[in-house]
Amino acid sequence: MAQALESVEPGENIEGIIEIAFQQGLHPVKGLELILKQYGMCRAITLFGMYGVAAKRTECMALITEALYNELADRRQGWRFRS
């Protein structure tokens, strides 16, 4: 079943899949990936903190860190620094 989750993409009625994948721990990394894509960084960090995923915790933290880095890098391109 965890393998079947690999092909799931965000969309309507995704909440049940996220619950099974992330909250129940069937495939926490994919579940967190879906949360990031569907709801954004704030919800992903909140849910990660609430559910304290034990399985694949390091991989989940790496996913959040990479997503945060990419978001900051994208926003930084529009910033102008003054000296």
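An account of the accompanying structure is given in this report. Because the structure is a prediction, the values reported are computed rather than measured.

Let's shift gears to the overall build of the protein chain. Broken down by element type, the protein chain carries five helices and zero strands. When the backbone C-alpha atoms are referred to their principal axes, the protein chain occupies close to 55 × 25 × 20 Å. Taking all 83 residues of the protein chain together, 27% fall into the buried category. In the structure as shown, the protein chain presents an accessible area of about 6,000 Å², 52% of it carried by carbon and sulfur atoms. Within the protein chain, one finds 9 positive and 10 negative side-chain charges whose respective centroids are separated by 12 Å.

A few words now on helix α5 (residues 57–76). With 20 residues, α5 ought to run about 28 Å at 1.5 Å a step, and its terminal C-alpha atoms sit 28 Å apart, in line with that. Those residues of α5 not exposed but buried are Cys60, Leu63 and Ile64. Angular distribution of buried residues about the axis of α5 spans 95 degrees; they occupy a single face of the element. Away from the buried face of α5 by more than 90 degrees, exposed residues Thr58, Thr65, Tyr69 and Arg76 are located. Those residues of α5 hidden inside the fold are in contact with α3 (28–39) and α4 (41–51).

This part is about the pattern of salt bridges. Going through the model one piece at a time under the given rule, you end up with four salt bridges. Note that Glu33 and Lys30 form a salt bridge whose closest N and O atoms lie 3.2 Å from each other. Of this pair, Glu33 and Lys30 both sit in helix α3, three residues apart, which is roughly one turn of the helix. Relative accessible area serves as the criterion here: at 24%, Glu33 is assigned to the partly exposed category. Lys30 gets classed as buried once you look at its relative accessible area, which sits at 5%. Measuring nitrogen to oxygen at the nearest pair gives 3.3 Å for the salt bridge that ties Lys37 to Glu33. Here the residue Lys37 and the residue Glu33 both occupy positions in helix α3, the gap between them amounting to four residues, near one helical turn.

Criteria and thresholds
Residues numbered from 1 in each chain as written. Predicted model: local features only at pLDDT ≥ 70, side-chain atom pairs only at ≥ 80, totals over all residues. Heavy atoms only, no water. Helix = DSSP H or I, 4+ residues; strand = E, 2+ residues; numbered from the N terminus. Buried < 20%, exposed > 50% of the residue type's maximum accessible area, 1.4 Å probe, protein only. Areas by Shrake-Rupley, 256 points an atom, 1.4 Å probe, with all protein chains shown as cover. Lys, Arg positive; Asp, Glu negative; His and termini not counted. Charge placed at Lys NZ, Arg CZ, Asp CG, Glu CD. Expected span 1.5 Å × (residues − 1). Arc of directions from axis to C-beta. Contact = heavy atoms within 4.5 Å. Salt bridge = Lys/Arg side-chain N within 4 Å of Asp/Glu carboxyl O.

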